[in-house]
Amino acid sequence: MIRFEHTRKLYDGAAAITDLNLDIQQGELLVLLGPSGSGKSTVLKMVNRMVSHDGGHIFFNGQDINSFNVQDLRRRMGYAIQSVGLFPHRTVAQNIATVPKLLGWDAHRVQARVYELLKLLALDPEPFASRYPHQLSGGQQQRVGVARAMAANPDVLLMDEPFGALDPVTRAALQLSIKTIHRATGKTILFVTHDIDEALLLATRIVLLNQGGIAQVGTPLELLQQPANDFVADFLGRADLGLKQLSLRSIAPHIQAIQGTEPIYAIAHTATLREAISQMATLHVSSLSVTDAAGTVIGQVRAADLLENQHA
Amino acid sequence: MPTSLVQRCNPVLALYVALAIGAACGLPFLRVSPNRLLSGEPVYLWDVLLQHGSPLVYVLMLDIAVLLCIAVWQPKGLTTQAWVVLAMAAGLSGVWLLASHFATSAIQAENPFSRTALGAGFWALCAMAWMIALDAIDRLQLTTLRRLLVQIALLLPLLLSLNEGQHLSIAKEYANQSDIFVPAILRHLQIVWSAVVPALVIGLLLAWRMTQTQSLRQALFPVLNVIQTIPSIALFGLLMAPLAWMAVQLPALGHAGISGVGIAPAVIALFMYALLPIVRSALAGLEQVPAEAVHAARAMGMSSRQLLWQVELPLALPALLIGLRTAVVQTTGLAAISALVGAGGLGQIMFDGLFSAANELVILGVIPIVLLAMLADTFFKVLSSLINVRPQ
């Protein structure tokens, strides 16, 4: 869907991006991860030509992005940023309707789409559609920002540290929303962040950038299990690489039938290994009973199995 | 907590009342002369009252005096302030009716050619009544639109009783010259319009360019500031010579009505004066547009033009309107002086009066100018308040 071929970018003669080669598939949630100055934001902005590239090519749906009319190109890509950038003089509904209006949708279609998106992002259309941005909390503003980016049903969503300025609780809620939306719509999403946990949680694939080049590309688990070099291992947090892996794995394969007495404390079957071990440590127990969605006990997990079977 | 006397009372109103009493006692309310050419004898307010006062007038005046005393000590009482506005509405029409009746009886009793002119005391009392009413309206803390309605209500009794003053010399002057007023007002509006509209368009373009080019700002603002310091008469004069020369060199310009005298130098000079407030406010408005909103707009695929019309201008509008208001009010006033270079307009009436020592004619020229400026001011205030209803 998006392909970088030997893409380069210079800032004042110094290379910001050196020879980038990357193929982004339809439906991926690709996270561009890296420290400050690694060029992750530049890579994102080159896709919709907010930043022009100085060498090589970038293809969108097989066509060089420079062959598009720049406004047409941008209207086909949703764009959400950390500072949100809602228009203060327009209501939430008008903000979300920006790109559909630019594309000349009729009023009924715009209205229907606005309501659909507000619901998708867990905002009640009744009070929110007619509110102004300054009447919203930071989290609500960013929800509107994401809705605005998705309004014209773009082929790609570009998100530049969209949740960077939010408090942890709000951020977690929005991360969940993005994950749900990605699953439900199958949209291709390019997501820039410097937050490793956010990347591990959201990504179907991570591109770890360092000093304008790719340090490693892979699924979250691949990066944690086989860091390509010292930089990758250090950046992901060498000391707790193992713990991070636990948070990517479900307890499901470790559930066994209960033998003897049923453990007192229970955990949901959807929990991760990290949650299970954390709970055991808190409660000072070495086993937990596992419940399904209805709350029925379906088995148990034991601390020893969780760690031993990890690579099985 | 004890508060000082000055904090509790309304010193502004006390001052106005003192000034009004001073004007009533010390300045001639009217001037009466046997005909138009002779200068008049002063007539003071108490003369008028002694001659024409009925018990009703005395009671009314006593009421107003008591009310004003209460208002001085009760600046926070909203009911009191409302009564003060009502009393001033009555007062404005009251002094007018008093002067009118005096003029009517002077003509009937003495000689039909006698002239009753409004004196300094009359104008001072009107001004004080207006200021007292505005102070009271301020204290009512109304929205812009309601404020406007109250101001209209304040003038309503006076406007309704205007006809009563037909024997005052100002009405006679008006009757003599009535055919020139409407063309003069239209001409005045034409001058203002032809200067401000181009200033708005070009000022906006300049401000927009300035947001992108720092050097333009550094080059242009000193020039605009210097223009603003040139006295208007000097600027009219400075433009006369080159325009006259151009009209001779290019006859086409002359045929189009552009020459050293007339409307051309006036409009060009006023355009140059109007440019500074418009450019400055437009620039301030454009600069306060949030950068992230502009960034987001571009990234969503707005063209420069769409960005300007849909994002930048709407967000800059409140600031721009303030500058536009300044420009229009300023131009309305300055346009009076442009009569000196033959541009016509209400200034022509004013200067005719000045040069023929006919004070009434001066006032007849000035009043519409003041009213036009106030109307423009109010119009833009109401417009701004309507825009600001939409939260920023």
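This one's a predicted model, so the numbers in the text were calculated from it and none came from an experiment.

## A few points about the overall build of chain B
For chain B, the count of helices and strands is 16 helices and three strands. In terms of overall dimensions, chain B has a C-alpha envelope of 75 × 70 × 30 Å along the principal axes. Split into buried and exposed, the 392 residues of chain B put 36% on the buried side. Counting only contacts in chain B whose residues sit at least 6 apart along the sequence, the fraction spanning at least 24 positions is 74%.

## Observations concerning the interface of chain A and chain B
Contacts between chain A and chain B engage 18 residues on the former and 17 residues on the latter. Elements that contribute at least two residues to the side of chain A that touches chain B include exactly helix 2 (70-75), strand 6 (77-81) and helix 4 (98-102) of chain A. A class-by-class count of the residues in the side of chain A that touches chain B yields nine nonpolar, seven polar and two charged.

## Remarks on the domain arrangement of chain B
Residue and element names in this part refer to chain B. Considered domain by domain, chain B is made up of domain 1 (5-167) and domain 2 (176-389). In this structure, domain 1 and domain 2 have C-alpha centres spaced 35 Å apart. Taken together, the contacts link five residues of domain 1 with six residues of domain 2. No other element matches helix 7 (residues 144-160), which puts three residues into the side of domain 1 that touches domain 2. Within the side of domain 1 that touches domain 2, the residues separate by chemical class into three nonpolar, two polar and no charged.

## Focus: the pairing of strand 4 (residues 55-60) of chain A
Residues and elements named next belong to chain A. Where strand 1 (residues 2-11) and strand 4 come together, five bridges link them in antiparallel fashion. When the bridges of strand 4 are listed, Glu 5 appears paired with His 57. Where strand 4 and strand 5 (residues 63-64) come together, two bridges link them in antiparallel fashion. Residue Phe 59 lies in a different strand from strand 5, and its bridge partner there is Asp 64.

## Some words on unusual backbone geometry
Residues and elements named next belong to chain A. Backbone geometry at Arg 49 places phi at a positive 60 degrees, although glycine is not the residue there. Tracing the backbone shows Arg 49 in the loop between helix 1 (40-47) and strand 4. Given 20 C-beta atoms within 10 Å, Arg 49 falls into the buried group. With phi around 65 degrees, Val 84 is a residue other than glycine that occupies positive phi space. Positionally, Val 84 belongs in the loop between strand 6 and helix 3 (92-96). C-beta crowding within 10 Å serves as the criterion here: with 23 such atoms nearby, Val 84 is assigned to the buried category.

## As for the sheet that holds strand 2 (residues 41-43) of chain B
Residues and elements named next belong to chain B. Spatial strand order, 2-1-3: three strands in an open sheet with antiparallel pairing. In this open sheet, the two edge strands, each paired with only one partner strand, are strand 2 and strand 3 (115-118). Across the sheet, the mean angle from the axis of one strand to that of its neighbour is 30 degrees, orientation sign disregarded. With three bridges connecting them, strand 1 (residues 30-33) and strand 2 associate as antiparallel partners. Across the sheet, residue Leu 30 finds its bridge partner in strand 2, namely Val 43. Packed on one face of the sheet, helix 5 (residues 78-109) meets strand 1 and strand 3 and runs near 165 degrees to strand 3.

## Topic: helix 1 of chain A
The α-helix advances 3.6 residues per turn, and as a result positions three or four apart in sequence lie on the same side. Residues and elements named next belong to chain A. The element helix 1 is extensively covered by neighbouring structure, given that eight of its eight residues are classed as buried. Along helix 1, the residues that are buried comprise Lys 40, Ser 41, Thr 42, Val 43, Leu 44, Lys 45, Met 46 and Val 47. At the C-terminal side of helix 1, Arg 49 shows a positive phi close to 60 degrees.

## What about the environment of B:Ala207?
Residue and element names in this part refer to chain B. Mapped onto the elements of the fold, Ala 207 is located in helix 8 (residues 169-212). Linking Ala 207 and Arg 217, residues 10 residues apart in sequence, is a C-alpha distance of 8.3 Å. In contact with Ala 207, other than residues within four places in its own chain, are Val 279, Ala 282, Leu 283 and Leu 286.

## Points about helix 6 (residues 120-140) of chain B
All names here are of chain B. Given a rise of 1.5 Å per residue, 21 residues ought to cover 30 Å, and the 30 Å separating the end C-alpha atoms of helix 6 matches this to within 8%. Taken as a whole, helix 6 has its buried residues at Gly 121, Phe 122, Leu 125, Met 128, Ala 129, Ile 132, Ala 133, Asp 135, Ala 136, Ile 137 and Arg 139. Those residues of helix 6 that are buried lie in contact with helix 2 (11-26), strand 1, helix 3 (45-52), helix 5, strand 3 and helix 7. The positive-phi residue at the C-terminal boundary of helix 6 is Gln 141, with phi of around 50 degrees.

## Focus on the pairing of strand 13 (residues 297-302) of chain A
Residues and elements named next belong to chain A. Looking at chain direction, strand 12 (residues 287-291) and strand 13 are connected through five bridges and run antiparallel. Each residue of the ladder has a partner; that of Ser 287, found in strand 13, is Arg 302. Once strand 12 ends, the chain turns through five residues before running back antiparallel as strand 13, passing Gly 295 with a positive phi of about 95 degrees.

## Some remarks on the sheet that holds strand 3 (residues 29-33) of chain A
Backbone hydrogen bonds hold the strands of a sheet together, and the pairing may be parallel or antiparallel. All names here are of chain A. As summarised here, the arrangement of the six strands in space is 6-7-8-3-9-10, forming an open sheet in which the pairing is mixed. Both edges of this open sheet fall to strand 6 and strand 10 (213-218), since each of them pairs with a single strand only. Averaged over all neighbouring strand pairs, the angle between strand axes comes to 15 degrees, with direction disregarded. Pairing analysis gives five bridges linking strand 9 (residues 205-210) to strand 10, with the strands arranged antiparallel. Bridge pairing links Leu 209 to Ile 214 in strand 10. Contacts from helix 1 reach strand 3, strand 6, strand 7 (156-160), strand 8 (188-193) and strand 9 within the one sheet, and its direction differs from that of strand 8 by about 150 degrees.

## Let's talk about the packing of helix 8 of chain B against helix 14 (residues 304-337) of chain B
Residue and element names in this part refer to chain B. Between helix 8 and helix 14, whose axes approach to 10 Å, the crossing angle comes to 145 degrees. Crossing of helix 8 over helix 14 shows right-handed handedness. Here His 188, Ile 191, Val 192, Ala 195, Val 196, Ala 199, Leu 200 and Trp 208 of helix 8 come into contact with helix 14, specifically with Leu 308, Leu 324, Ala 327, Val 328, Thr 331, Thr 332 and Ala 335. Taken together, the residues that form the contact of helix 8 with helix 14 break down as 12 nonpolar, three polar and no charged.

## Side note on the confidence of the model for chain A
Confidence in the prediction of chain A, expressed as mean pLDDT, is 90, and 99% of residues score 70 or more. For chain A, the element scoring lowest by mean pLDDT is helix 14 (residues 303-308) of chain A, at 79; strand 8 of chain A scores highest, at 96.

Definitions and limits used
Residues numbered from 1 in each chain as written. Chains lettered and ligands numbered in written order. Predicted model: local features only at pLDDT ≥ 70, side-chain atom pairs only at ≥ 80, totals over all residues. Helix = DSSP H or I, 4+ residues; strand = E, 2+ residues; numbered from the N terminus. Buried ≥ 20, exposed ≤ 12 C-beta atoms within 10 Å, placed from the backbone. Contact = placed C-beta atoms within 7 Å. Nonpolar A, V, L, I, M, F, W, Y, C, P; charged D, E, K, R; others polar. Domains from an automatic or database assignment. Pairing = 2+ DSSP bridges. Axes fitted to C-alpha atoms, helices over the stretch in contact; angles between N-to-C directions. Expected span 1.5 Å × (residues − 1). Left-handed = near helix turned anticlockwise from the far one by under 90°. pLDDT = per-residue confidence, 0-100.

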